[in-house]
Amino acid sequence: MLGDMAALGEVRLALLDLDGTVYVGSRPVPGAVDAVASLRRLGVGVRFVTNTDSVTPEALCGRLAGLGIEAAASEVLTPVVLARRLFDGLDSPSVLAVAAPGIRELLASWLAAPGAPATHVLVCDPSYGATYDDLDAAFRAIRAGAELIATQVARFARRDDGEHLDTGGFVRLLEYATGERARVLGKPSPDFFRLALDAAGVAPELAVMVGDDLAADVAGAQAVGVRGVLVRTGKGGGAHPEAAITPDATIDSLAALPDLLG
């Protein structure tokens with residue numbers, strides 16, 4: 001069902017999910033590039049709010065540029081950005097990161113030296129080639145008192161060739177093995193959405209979140225007072241076990257968002 005345009009009211013900021021909303025795998029969603037340009041012409045601020053935790057914000061900007069969308073690194077928010085802010089505010093954290101090389105480079109200032117005790121274990125996208133030894137080291141550090149932190153807990157990611165295991169599977173494995181519960185930085189964490197709003201200087205009631213995940217995108221946004229719009233692309237076109245979550249609007253794709261707002 002397409003939401004009532006008038007029900008959304010004034011919107012000054014559009015928080016846009018990336019994978020499944022702007023693009024699916026390596027392919028742009030039809031009309032998404034023009035939709036982003038239309039939002040900017042309407043004077044609506046745009047921030048790309050994604051749980052992608054395998055590459056840097058700069059790399060995501062490059063991916064967007066390849067699709068024809070120009071974005072500054074400051075307009076791209078990932079859980080790794082929040083992780084850096086978290087560790088920067090702590091007193092001498094020592095981090096064991098299960099993460100891709102590029103993410104480890106971003107966190108280099110806080111990484112634990114080999115063999116040194118860790119205060120925190122950060123689990124990111126395992127698709128770079130995480131091994132049993134990586135997970136076992138994380139397990140041992142958590143059992144020794146390190147806090148378990150997850151960039152996100154999605155069960156699967158959708159790529160060009162179908163569905164693949166995502167970060168959430170590794171996080172739940174470590175939770176089960178250690179008996180500890182992870183602190184989650186990305187969507188649907190309220191801190192993640194508040195960071196996006198604060199960076200843009202926009203109140204929650206003047207923002208809208210657009211994504212393909214009912215729990216992470218829609219419910220996460222609604223929990224902090226941001227209206228949530230579900231797109232039927234990506235995960236949004238499948239079954240929704242979170243059926244009790246009601247979007248403020250549902251649209252076929254990001255291409256319909258400018259008409260919804262304008």
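Our subject is the structure that appears above.
Conventions adopted
- Residues numbered from 1 in each chain as written.
- Predicted model: local features only at pLDDT ≥ 70, side-chain atom pairs only at ≥ 80, totals over all residues.
- Heavy atoms only, no water.
- Helix = DSSP H or I, 4+ residues; strand = E, 2+ residues; numbered from the N terminus.
- Rg over C-alpha atoms; globule rule 2.2 N^0.38 Å.
- Buried < 20%, exposed > 50% of the residue type's maximum accessible area, 1.4 Å probe, protein only.
- Contact = heavy atoms within 4.5 Å.
- Areas by Shrake-Rupley, 256 points an atom, 1.4 Å probe, with all protein chains shown as cover.
- Lys, Arg positive; Asp, Glu negative; His and termini not counted.
- Charge placed at Lys NZ, Arg CZ, Asp CG, Glu CD.
- Salt bridge = Lys/Arg side-chain N within 4 Å of Asp/Glu carboxyl O.
- Pairing = 2+ DSSP bridges.
- Phe/Tyr/Trp six-rings, centres within 6.5 Å; stacked < 30°, edge-to-face > 60°.
- Polar contact = N/O pair within 3.5 Å; in protein donor to acceptor, adjacent residues only side chain to side chain.
- Core = buried A, V, L, I, M, F, W, Y, C linked by side-chain atoms within 4.5 Å.
- Axes fitted to C-alpha atoms, helices over the stretch in contact; angles between N-to-C directions.

**A word on the overall build of the chain**
Then step 1. In terms of regular secondary structure, the chain is built from ten helices and 14 strands.
Then step 2. Taking 18 Å as the expected radius of gyration for a compact globule of 262 residues, we find that the chain reaches 18 Å, a close match to that expectation.
Then step 3. Projecting the C-alpha coordinates of the chain onto the three principal axes gives extents of approximately 55 × 35 × 35 Å.
Then step 4. Relative to its 262 residues, the chain shows a buried fraction of 49%.
Then step 5. Of all intrachain contacts in the chain linking residues separated by at least 6 positions in sequence, the fraction that spans at least 24 positions is 66%.
Then step 6. Element-wise, carbon and sulfur atoms account for 52% of the exposed surface of the chain, whose accessible area totals about 11,700 Å².
Then step 7. The averaged location of the 33 negative side-chain charges in the chain is 1 Å from the averaged location of its 22 positive side-chain charges.

**So, the pattern of salt bridges**
Then step 1. In total, this model carries nine salt bridges according to the counting rule given.
Then step 2. The salt bridge partner of arginine 12 is glutamate 10, with a shortest N-O separation of 2.8 Å.
Then step 3. On the basis of relative accessible area, arginine 12 is assigned to the partly exposed category, the value being 47%.
Then step 4. On the accessibility criterion, glutamate 10 (47% relative accessible area) is partly exposed.
Then step 5. Taking the shortest distance from any N to any O, the salt bridge between lysine 187 and aspartate 17 comes out at 3.0 Å. Placement of lysine 187 in the loop between strand 11 (183–184) and helix 8 (190–200) and of aspartate 17 in the loop between strand 1 (13–16) and strand 2 (23–24) is noted, with a sequence separation of 170 residues between them. By the burial criterion, lysine 187 is buried, and aspartate 17 matches it.
Then step 6. Because the salt bridges share partners, they merge into one network encompassing Asp17, Lys187 and Asp217.

**Overview of the sheet that holds strand 14 (residues 249–251)**
Then step 1. In space, the six strands of this open sheet follow the order 5-4-1-12-13-14, with parallel pairing throughout. Only two strands of the sheet have a single neighbouring strand rather than two, namely strand 5 (76–77) and strand 14.
Then step 2. Here strand 1 pairs with strand 12 (residues 207–211) via four bridges, running parallel. When the bridges of strand 12 are listed, alanine 14 appears paired with valine 208.

**Some thoughts on the packing of aromatic side chains**
Then step 1. One pass over the structure, following the stated rule, counts two aromatic pairs.
Then step 2. Ring centres of phenylalanine 87 and tryptophan 110 lie 6.4 Å apart, and the angle between their planes is 45°; on these two criteria the pair is classed as tilted. Residue phenylalanine 87 is located in helix 4 (residues 79–88), and its partner tryptophan 110 is located in the loop between helix 5 (101–106) and strand 7 (120–123); the two are separated by 23 residues in the primary sequence.
Then step 3. Its relative accessible area of 1% is what places phenylalanine 87 among the buried residues.
Then step 4. Residues phenylalanine 192 and phenylalanine 193 carry aromatic rings whose centres are separated by 6.4 Å and whose planes lie at 80° to one another, so their mutual orientation is edge-to-face. Taken individually, phenylalanine 192 and phenylalanine 193 each receive the classification buried, so the pair is uniform in this respect.

**Structural notes on the side chain of glutamine 152**
Then step 1. Tracing the sequence through the fold places glutamine 152 in the loop between strand 8 (147–150) and strand 9 (156–159).
Then step 2. A polar atom in the side chain of glutamine 152 sits 2.7 Å from the backbone nitrogen of alanine 154.
Then step 3. A distance of 3.2 Å separates a polar atom in the side chain of glutamine 152 from a polar atom in the side chain of aspartate 166.
Then step 4. When neighbours within four sequence positions are excluded, glutamine 152 is seen to be in contact with Asn51, Asp53, Asp166, Thr167, Gly168, Val171 and Val184.

**Points about the nonpolar core**
Then step 1. Counting residues in each nonpolar core, the largest one holds 32 residues, and the members touching the most others are Leu15, Phe87, Ile103, Leu107, Leu122, Leu185 and Val226.
Then step 2. Those elements that place two or more of their residues in this core are strand 1, helix 4, strand 6 (95–98), helix 8 and strand 12.
Then step 3. Among residues more than four places away in sequence, those in contact with isoleucine 103 are Asp53, Ser54, Val55, Thr56, Val80 and Cys124.
Then step 4. Counting residues in each nonpolar core, the second largest holds 30 residues, with Leu8, Val11, Leu16 and Leu254 among its members.

**Let's talk about the sheet that holds strand 11**
Then step 1. Pairing within the open sheet is parallel, and its four strands lie in the order 6-7-8-11. Edge positions in the open sheet fall to strand 6 and strand 11, since each of these has one partner strand only.
Then step 2. Where strand 7 and strand 8 come together, four bridges link them in parallel fashion. Residue pairing for strand 8: valine 123 is matched across the bridge by alanine 150.
Then step 3. Contacts from helix 4 reach strand 6, strand 7, strand 8 and strand 11, with the element oriented near 170° to strand 7.

**Regarding the environment of proline 93**
Then step 1. Relative to the helices and strands, proline 93 resides in the loop between helix 4 and strand 6.
Then step 2. On the basis of relative accessible area, proline 93 is assigned to the buried category, the value being 12%.
Then step 3. Remark: the alpha-carbon pair of proline 93 and leucine 111, spanning 18 residues in sequence, is separated by 8.1 Å.

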